[in-house]
Amino acid sequence: MTSVFKSTAHMVCAAALGFNALTVQAQHPVSHAVQHSAQAPPSSALTVASRTVLPFDEKTWAHALQHGPRPAAYLFTTSYCSTCPAAFAVLHKAVQQLKNKPELNAVMMDVNGPQALRHATHFKGMTQMYAFDGFEPAIRQAVDPAWPNVTPYVVLVDAKGQTQRVIGPPPAAMLKRWLSPV
């Protein structure tokens, strides 16, 4: 299959999925306040082909650290980040052979809804996609006050709830610490 054909096929599929997503969202409206109150996947979250874009606001990170899955990885990215898919591939490769795979999450910082879903194909093995929902600097501050607004920004949460943070792909030693048993 030629790369031109692949690109065209991907764009057609993305457009069709985006239209379907807007239809699903329009059929299931829920108020913005309700979406954030429980921090569980809201019924109005954008769902396409088993993909959901969940809102990520100033409170989401604290909730994920306290109640979220462990271990888990969070890759903070933008729609224009050219090195983010490669950083995510490092995470995916590190967990492929594991029996109990940790969650691998992508967090889009600059787009949401169908625009965020267009980037889902770049993150093979992704468990969940989130999108910033609110004032971006405040959300980054909640995740890490020292984060210099550079992507890819990866946060690894180990089985004990301890975090490791890195700009770019995590090195092998960091991945080993992240995946070591309790």
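Above this text you will find the structure in question.
Being a predicted model, the structure only gives us computed values, none of them experimental.

Enquirer: I'm lost on helix H3 (residues 60-67) in this one. Help?
Expert: Structurally, the α-helix is built with 3.6 residues per turn, so residues lying three or four positions apart point the same way. Three or more residues of H3 are buried, namely Thr 60, Trp 61 and Ala 64. For H3, the arc enclosing every buried residue in end-on projection is 100°, short of the 170-degree limit, so these residues lie on one face. Opposite its buried face, H3 presents the exposed residues Gln 66 and His 67, each directed more than 90 degrees away. Buried residues along H3 sit against strand S2 (51-56), strand S3 (72-77), strand S5 (128-132), helix H6 (136-143), strand S6 (153-157) and strand S7 (163-167).

Enquirer: Can you help me understand the pattern of salt bridges in this one?
Expert: Oppositely charged side chains can pair when the atoms bearing their charge come close. Applying the stated criterion across every chain, the model contains one salt bridge. A salt bridge links Glu 136 to Arg 140; the shortest N-O distance between them is 2.6 Å. Linking Glu 136 with Arg 140, this pair stays in helix H6, spanning four residues, or about one helical turn.

Enquirer: What am I meant to see in the nonpolar core here?
Expert: The biggest cluster of nonpolar side chains holds 26 residues, and the ones touching the most others in it are Leu 91, Phe 123, Met 129, Leu 156 and Trp 178. Of all the secondary-structure elements, those providing two or more residues to this core are S3, helix H4 (84-95), strand S4 (103-108), helix H5 (113-117), S5, S6 and helix H7 (172-179). Not counting chain neighbours up to four residues away, the residues in contact with Met 129 comprise Thr 52, Val 53, Leu 54, Ala 106, Met 108, Ala 116, Leu 117, His 119, Ala 120 and Phe 123. Judged by nonpolar contacts, the second largest core, of 17 residues, contains Phe 56, Ala 64, Met 109 and Val 157.

Enquirer: Any chance you could explain the packing of H4 against H7 here in plain terms?
Expert: The axes of two packed helices give the description: the angle between them and the distance between them. H7 packs onto H4 with a crossing angle of 50° between their chain directions and a minimal axis gap of 11 Å. Considering their axes alone, H4 and H7 lie oblique with respect to each other. For the pair H4 and H7, the sense of crossing is right-handed. Where H4 approaches H7, its residues Val 90, Leu 91, Ala 94 and Val 95 are matched on the opposing element by Leu 175, Trp 178 and Leu 179.

Enquirer: Help me out: how do you make sense of the state of the cysteines in this one?
Expert: Covalent bonding between the sulfur atoms of two cysteines defines a disulfide. Tallied over the full model, the rule gives one disulfide. Disulfide pairing is shown between Cys 81 and Cys 84; the S-S distance is 2.1 Å. Between Cys 81 and Cys 84, the S-S dihedral sits near 85°, and the bridge is therefore right-handed. Residue class for Cys 81 comes out buried when judged on its relative accessible area of 11%.

Enquirer: Help me understand the pairing of S5, please; the structure alone is not making it clear to me.
Expert: Regular strands show a simple pattern: their side chains alternate between the two faces of the sheet. Within S5, five of the five residues are buried, leaving the element largely enclosed by the surrounding structure. Of the two faces of S5, both are covered, the one formed by Gln 128, Tyr 130 and Phe 132 as well as the one formed by Met 129 and Ala 131. In terms of strand pairing, S2 meets S5 through four bridges, oriented parallel. Paired with Pro 55 across the two strands is Ala 131, which belongs to S5.

Enquirer: Looking at this structure, how should I read the packing of aromatic side chains?
Expert: Geometry of an aromatic ring pair is reported as the spacing of the ring centres plus the angle between the planes. Summed over the entire model, instances satisfying the criterion amount to 10 aromatic pairs. Consider the rings of Phe 56 and Tyr 130, whose centres lie 5.7 Å apart with planes at 80°: the pair is edge-to-face. Of this pair, Phe 56 sits in strand S2 while Tyr 130 sits in strand S5; the two residues are 74 residues apart in sequence, bridging distant segments of the chain. As far as burial versus exposure is concerned, Phe 56 and Tyr 130 are alike and both buried.

Enquirer: Even after reading the chapter, I still don't get the environment of Thr 127, so can you show me in this structure?
Expert: In this structure, Thr 127 sits in the loop between H5 and S5. For the pair Thr 127 and Ala 106, spaced 21 residues apart in sequence, the C-alpha to C-alpha distance is 8.2 Å. Apart from the residues within four sequence positions on either side, Thr 127 is in contact with Arg 51, Pro 102, Glu 103, Leu 104 and Asn 105.

The rules behind each value
Residues numbered from 1 in each chain as written. Predicted model: local features only at pLDDT ≥ 70, side-chain atom pairs only at ≥ 80, totals over all residues. Heavy atoms only, no water. Buried < 20%, exposed > 50% of the residue type's maximum accessible area, 1.4 Å probe, protein only. Helix = DSSP H or I, 4+ residues; strand = E, 2+ residues; numbered from the N terminus. Arc of directions from axis to C-beta. Contact = heavy atoms within 4.5 Å. Salt bridge = Lys/Arg side-chain N within 4 Å of Asp/Glu carboxyl O. Core = buried A, V, L, I, M, F, W, Y, C linked by side-chain atoms within 4.5 Å. Axes fitted to C-alpha atoms, helices over the stretch in contact; angles between N-to-C directions. Parallel < 35°, antiparallel > 145°, perpendicular 65-115°, else oblique. Left-handed = near helix turned anticlockwise from the far one by under 90°. Disulfide = S-S within 2.5 Å. Pairing = 2+ DSSP bridges. Phe/Tyr/Trp six-rings, centres within 6.5 Å; stacked < 30°, edge-to-face > 60°.

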